[in-house]
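The primary structure of each chain is shown beneath.
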Amino acid sequence: MESKRPVNLQLTTMKFPPMAIASILHRLSGVILFLAIPLLLYMLDYSLRNEDVFLKLKQCLQAWPMKLLLWVVLAALLYHLIAGVRHLIMDMGWGESLTAGRRSALSVFVLAAISVVFIGIWLW
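These remarks concern the structure in this document. Model, not experiment: these values are computed from the prediction.

Each value, and the rule that gives it
- Residues numbered from 1 in each chain as written.
- Predicted model: local features only at pLDDT ≥ 70, side-chain atom pairs only at ≥ 80, totals over all residues.
- Heavy atoms only, no water.
- Core = buried A, V, L, I, M, F, W, Y, C linked by side-chain atoms within 4.5 Å.
- Buried < 20%, exposed > 50% of the residue type's maximum accessible area, 1.4 Å probe, protein only.
- Helix = DSSP H or I, 4+ residues; strand = E, 2+ residues; numbered from the N terminus.
- Contact = heavy atoms within 4.5 Å.
- Expected span 1.5 Å × (residues − 1).
- Patch = residues over 30% accessible without salt bridge, like charges linked within 9 Å, V, L, I, M, F, W, Y side chains within 5 Å.
- Areas by Shrake-Rupley, 256 points an atom, 1.4 Å probe, with all protein chains shown as cover.
- Salt bridge = Lys/Arg side-chain N within 4 Å of Asp/Glu carboxyl O.
- Phe/Tyr/Trp six-rings, centres within 6.5 Å; stacked < 30°, edge-to-face > 60°.
- Polar contact = N/O pair within 3.5 Å; in protein donor to acceptor, adjacent residues only side chain to side chain.

### As for the nonpolar core
Nonpolar side chains tend toward joint burial in soluble globular proteins. If you look at the biggest cluster of nonpolar residues, it comprises eight residues: Met19, Ala22, Tyr79, Ile82, Ala83, Ala105, Val108 and Ala112. Elements supplying a minimum of two residues to this core: helix H1 (18-47), helix H3 (64-91) and helix H4 (98-123). Non-local contacts of Val108, meaning those with residues more than four positions away in its chain, are made with Tyr79, Ile82, Ala83 and Arg86. In this structure, Met43, Leu57, Met66 and Leu123 belong to the second largest nonpolar core, which totals seven residues.

### Structural notes on the environment of Lys58
Its location among the elements puts Lys58 in helix H2 (residues 51-60). For Lys58, a relative accessible area of 48% gives the class partly exposed. Each C-alpha atom, one on Lys58 and one on Leu44, is 11 Å from the other, the two residues being 14 residues apart in sequence.

### As for H4
In an α-helix, one turn spans 3.6 residues; hence positions three or four apart end up facing the same way. If you check H4, its first and last C-alpha atoms are 37 Å apart, about what 26 residues at 1.5 Å a residue would give, namely 38 Å. Residues Gly101, Ser104, Ala105, Val108, Ala112, Ser115, Val116, Ile119, Gly120 and Leu123 constitute the buried set of H4. At its buried positions, H4 is contacted by H1 and H3.

### Examining a nonpolar patch on the surface
Among the surface-exposed residues, Leu9, Met14, Phe16, Ile21, Ile24, Leu25 and Leu28 lie close enough to one another that they form a single nonpolar patch of about 590 Å² accessible area. Tracing the backbone shows Leu9 in the segment before H1. Classification of Leu9 as exposed rests on a relative accessible area of 56%.

### A few points about the packing of aromatic side chains
Applying the stated criterion across every chain yields a total of one aromatic pair. Relative to Tyr46, the ring of Tyr42 lies with its centre 5.9 Å away and its plane at 25°, an arrangement referred to as stacked. With Tyr42 and Tyr46 both in helix H1 and four residues apart, the pair spans about one turn of that helix. For Tyr42, a relative accessible area of 48% gives the class partly exposed.

### Re the side chain of Arg86
Relative to the elements of secondary structure, Arg86 occurs in helix H3. Only 3.3 Å separates the side chain of Arg86 from the backbone oxygen of Gly101, close enough to count as a polar contact. Not counting residues up to four positions away in its chain, the partners in contact with Arg86 are Met19, Ala22, Gly101, Ser104, Ala105 and Val108.

Printed below as a string of structure tokens:
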């Protein structure tokens, strides 16, 4: 019996549809947010100690590595929010067809890219 299963399962050679890429990026942004929570909570706790410590943290956040880190975290948050709204809409039964799924995934990419650019402009 000859098997018709694919032989080559290397992820780098497979072509993923936009829906799969949107879902993978949604999960990746969730992991980034999960890993950022301790740092953000530490910064919040540190900033609430007194006014001098707050000003020191504010000055630290003006450095470009911290701005880059905040940009990555905010970009993950924005993408996760937009893709999560897409998932909620699909859970309600809207846009479950293949063409609607492709269209909504591409719109998530466009909206997220625009938001990430605007948040980058706001941070810098």
